[in-house]
Amino acid sequence: MAASRFLPVFLALVSAFFSVPPSEANGGALHFRLVHRSQLEGARGDGEVDAFRRLDDISRRDQLRQKHITETLRSPRRKAIESSFEAPILSGAYSGAGEYFVKLKIGSPARDYLLVADTGSDLAWTKCQEGVTIASSIGRRRATEACVPSSSFAPYKCSTDSCQSLPFSTTVCPTPDSPCLYDYRYADGSFTKGTYGNDTVIVTAPDGSVTPIRDVLVGRSSDSQGVIFDKTDGVLGLGFSPISFAITTAQLYGGKFSYCLVDHLNRRDSNYLVFGNNSRASKLSMRYANLVLDSMIQPYYGIEVDGISMDGKMLPIPPAVWKFVFKEDSIAGGVIIDSGMTLTSLVKPAYDVVMSAFRSYFKDFPTFTQQPFDLCFNVTQLSPEQAKRVGPNLAWHFSGGAKFTPHIGSYVTVVAPNLKCIAIVPAAWPGISIIGNIHQQKYLWEFDLANGRLGAIIESGMTLTSLVQRAYDVVLANFQSYFQDFPPFTQPPFDLCFYESQLSEEQRKKAGPQLGWHFAGGAKFMPHMDSYVSPVAADQKCLTIVPAAWPGISVIGNIHQQKYLWEFNFEKANLGFAPSLCSD
């Protein structure tokens, strides 16, 4: 957020210090649900937000963020328990922004605040002004409440060492007992002003236990103005800085935090920001890359990168673009990962090579330029053969051998109805490249700060059902027979896909065959049709069952299990299941 939308002129980064007695830090994982802006109240306004105009707007904010990050790194920044907790994180694409949001309970009485989750900022502040409503509702519309000052908020005094050591606090101190103030201003006229102080944050462990974390340093903004603040209540800084919420919280919960970002166009699904051990990560094989945790790039997280490949072939990108090189007034090279940046950007020497490879792949497509993107095409103008080619497989090769293969839809992206573009943009050289949040989607990212490494794994919520080859071939043949009059195509890893916009009225009525699993003893499991004939992108559905080697085993993945309640009864050695909305 610190520059995703605005370029700061005078920054007042409000930070999050806090302490928890040892007895309070042993209660298990702490979890927050992450929200993309599409799920915010009133996100759609009076009608659908034009998808391409939204992405164009996001791109402009990303350019400001890129500029801010580069300028920030030109000079040195200010000097800078085995349990966990989790918070919801959701997407907010349809309200015109590419940020993700987290819901956090702060103060006494505790109130829900909807905050921008930003790994590129160490700013942590909330709006609080009597008579001003807060925008923390998600999903269905409900009445908002006026923000009432917290009884547990203890403002810092401007004369104290604590105030004077805080970054970007103002120098205004009319009396020794006057509050410690901050003033955070942006180039477009947006701003936030308020008071530094300590307050209480309420967190919930996976077992449902509630823990108050006291003495959290939070900025309470008595005045703020800006488009980004209309639908949110502030910012939660997750950057690498001694004063950020992420770092101080991770120190209490195992030295790590993690998150998983849902599809930015998905209004329903959500995921979690987790501090401490993430149970999802322990179930799958995490791949790790070395983090660059250097005071010279605070509050950003750098990654050691060796290169980029396309369809298994390493691209001839100059090695210098991947190495952080600091000079007195500039930075040349390096890559950071940033949840507040929407689009992925590559410095010009890398961008030119990558785009040349994309142009070669799409050389027979009717491509055109649509600012800010240099390569786009209309899917309705493709031949049947072209429609089968969804894009090359891009991979980032991290130092140490880890490989990150983003989903094709995160770079060959639907930006408007029937319009796809390469959603990677150029950045100035010398400068840095940034892996934005669309590129990160559907992966679980673990920031292991204690060991200086970044873990990545395909998000557990996307686990597919796999059938050994002998069973898969039979099942696939039956699906192909059912959809024989459809215009199907292959999109790895799926062998049968189709565009809904290319279907006739009669074809649209054929949602798919009813699949049933027959278990020993007579029980029958009927998965929901959209758990195997599934939307995988805008206007696109695929048979989301994949083959497995034979000899081997088949796996019923968690997408297949959705909307069912599953009971594992170990005493009776049986598995129970029943249709369920799985809501509280």
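This is a predicted model, so every value here is computed, not measured. (Residues numbered from 1 in each chain as written. Predicted model: local features only at pLDDT ≥ 70, side-chain atom pairs only at ≥ 80, totals over all residues. Heavy atoms only, no water.)

What to know about the overall build of the protein
Defined as follows: Put simply, DSSP marks the helices as runs of H or I at least four residues long and the strands as runs of E at least two long, and each gets a number from the N terminus on. When accessible area is computed with a 1.4 Å probe and restricted to protein chains, residues below 20% of their type maximum are described as buried, those above 50% as exposed, and intermediate ones as partly exposed.
Within the protein, the regular secondary structure consists of 10 helices and 41 strands. Here the protein holds 584 residues, and 54% of them are scored as buried.

Digging into the nonpolar core
Inclusion rule: By convention a nonpolar core is built from buried Ala, Val, Leu, Ile, Met, Phe, Trp, Tyr and Cys residues, the set being connected through side-chain atoms within 4.5 Å.
Counting residues in each nonpolar core, the largest one holds 81 residues, and the members touching the most others are Y301, F358 and W396. Counting residues per element, this core draws most heavily on helix α5 (residues 348-361), at eight residues.

Looking at the state of the cysteines
Quick reminder of the rule: What counts as a disulfide here is a pair of cysteine sulfur atoms lying within 2.5 Å.
All chains considered together, the criterion is met by four disulfides. At a sulfur-sulfur separation of 2.0 Å, the disulfide partner of C158 is C173. Between C158 and C173, the S-S dihedral sits near 70°, and the bridge is therefore right-handed. Within this pair, whereas C158 is found in the loop between β7 (154-155) and α2 (161-165), its partner C173 is found in the loop between α2 and β8 (181-186), the two being separated by 15 residues in sequence.

Some details on the sheet that holds strand β33 (residues 489-491)
Applicable threshold: Any two strands with at least two DSSP bridges between them are considered paired. Convention adopted: a line fitted to C-alpha atoms gives each axis, helices being fitted over their contacting stretch, and angles between N-to-C directions are expressed from 0 to 180 degrees.
Read from one edge to the other, the open sheet built from four strands follows the order β33-β34-β38-β37, with strand pairing classed as antiparallel. Single-partner strands in this sheet number two, and they are β33 and β37 (533-537). Each strand axis lies, on average, 45° off the axis of its neighbour in the sheet, ignoring direction. Of the strand pairs in this sheet, β37 and strand β38 (residues 540-543) are connected by four bridges, and their pairing is antiparallel.

Thoughts on the environment of A402
Inclusion rule: We call two residues in contact whenever any of their non-hydrogen atoms come within 4.5 Å of each other.
Among the secondary structure elements, A402 is positioned in the loop between β24 (394-398) and β25 (403-404). For A402, the residues in contact, after removing those within four places along its chain, are R287, Y288, A289, W396 and H397.

Concerning the pairing of β38
Both strand β34 (residues 494-499) and β38 contribute to a ladder of three bridges, which runs antiparallel. Of the residues in β38, the one forming a bridge with F498 is K541.

Details of the pattern of salt bridges
So the rule is basically this: Take a side-chain nitrogen of Lys or Arg and a carboxyl oxygen of Asp or Glu: if they are within 4 Å of each other, that pair is a salt bridge.
Here the structure, examined in full by the defined rule, presents 11 salt bridges. Across the pair K541 and E500 runs a salt bridge whose closest N-O atoms are separated by 3.7 Å. Of this pair, K541 sits in strand β38 while E500 is found in the loop between β34 and α9 (505-508), placing the two residues 41 residues apart along the sequence. Overall, E500 belongs to the partly exposed group, its relative accessible area being 28%. One salt bridge connects D530 with K563, and the closest N-O pair in it is separated by 3.4 Å. Of this pair, D530 sits in the loop between β36 (524-525) and β37 while K563 sits in the loop between α10 (558-561) and β40 (564-569), placing them 33 residues apart in sequence. Assessed through its relative accessible area of 38%, D530 is described here as partly exposed.

Some words on helix α3 (residues 245-252)
Counting buried residues along α3, seven of its eight residues qualify, which places the element largely inside the surrounding structure. Buried residues of α3: F245, A246, I247, T248, T249, A250 and L252, and no others. Residue G254 follows α3 closely and has a positive phi angle near 80°.

Considerations on the pairing of strand β12 (residues 256-260)
Judged by how many residues are buried, β12 sits mostly within the fold: five of five residues are covered. Side-chain alternation along β12 places K256, S258 and C260 on one buried face and F257 and Y259 on a second face that is also buried. Direction of pairing for β12 relative to strand β30 (residues 443-448): antiparallel, over a ladder of five bridges. By the bridge assignment, C260 is partnered in β30 with L444.

Describing the confidence of the model for the protein
Quick reminder of the rule: As a per-residue quantity, pLDDT reports the predictor's confidence and falls between 0 and 100.
When the pLDDT values of the protein are averaged, the result is 76; 73% of them are 70 or greater. For the protein, strand β1 (residues 8-10) is the element with the lowest average pLDDT, namely 22, and α5 is the one with the highest, namely 97. Contacts for the low-pLDDT stretch residues 41-49, under 50 throughout, to residues beyond four places or in other chains number 18 contacts. Counted against residues more than four places away or in other chains, residues 75-82, with its pLDDT under 50, gives 23 contacts.

Remarks on the packing of aromatic side chains
Quick note on the threshold: Between 30 and 60 degrees the pair is tilted, below 30 it is stacked and above 60 it is edge-to-face, where a pair is any two Phe, Tyr or Trp rings, Trp via its six-membered ring, whose centres lie within 6.5 Å. Sitting over a ring, as applied to charges here, requires NZ of Lys or CZ of Arg to be within 6 Å of the ring centre and within 35 degrees of the ring normal.
A complete count under the given rule lists 27 aromatic pairs for this structure. Here Y443 and W445 contribute two aromatic rings whose centre-to-centre distance is 6.1 Å and whose plane-to-plane angle is 35°, an arrangement assigned as tilted. Taking relative accessible area as the criterion, Y443 reaches 1% and is therefore assigned buried. For W445, a relative accessible area of 0% gives the class buried. Judged by centre distance (4.9 Å) and plane angle (70°), the rings of F483 and F486 are edge-to-face. Given the relative accessible area of 3%, F483 is considered buried. Through successive ring pairs, a cluster of aromatic residues spans F240, F245, F257, Y259, F275, Y301 and F447. Across the ring face of F153, the terminal group of R220 is positioned such that the distance to the ring centre comes to 5.7 Å.

Here we look at α5
Note the cut-off: Helix span is expected to be 1.5 Å times the residue number reduced by one.
When the terminal C-alpha atoms of α5 are compared, their 20 Å separation across 14 residues agrees well with the 20 Å that a helix rising 1.5 Å per residue should span. Turning to α5, its buried residues are A350, Y351, V353, V354, M355, A357, F358 and Y361. Of the surrounding secondary structure, the elements contacted by the buried residues of α5 are β16 (305-310), β21 (344-347), β23 (373-378), β26 (412-416), β27 (419-422) and β28 (424-427).

Here's the deal with the sheet that holds β27
If you walk across this open sheet you meet the four strands as β22-β23-β27-β26, and the pairing is antiparallel. The open sheet has two edge strands with one neighbour each: β22 (368-370) and β26. Between one strand axis and the next, the sheet turns through 45° on average, direction left out of account. Strand contacts of α5: β23, β26 and β27, with the helix running at about 15° to β23, the strand carrying the most contacts.

A closer look at unusual backbone geometry
Look at the link from Q298 to P299: it is a cis peptide, with omega at 5°. Position of P299 relative to the elements: it lies in the loop between β14 (287-292) and β15 (301-303). Here W429 and P430 are connected by a cis peptide whose omega angle stands at 0°. Examined against the element boundaries, P430 turns out to sit in the loop between β28 and β29 (433-435). Non-glycine residue D215 carries a positive phi angle of around 60°. One can find D215 in strand β10 (residues 210-225). Unusually for a residue other than glycine, K442 sits at a positive phi of about 65°.

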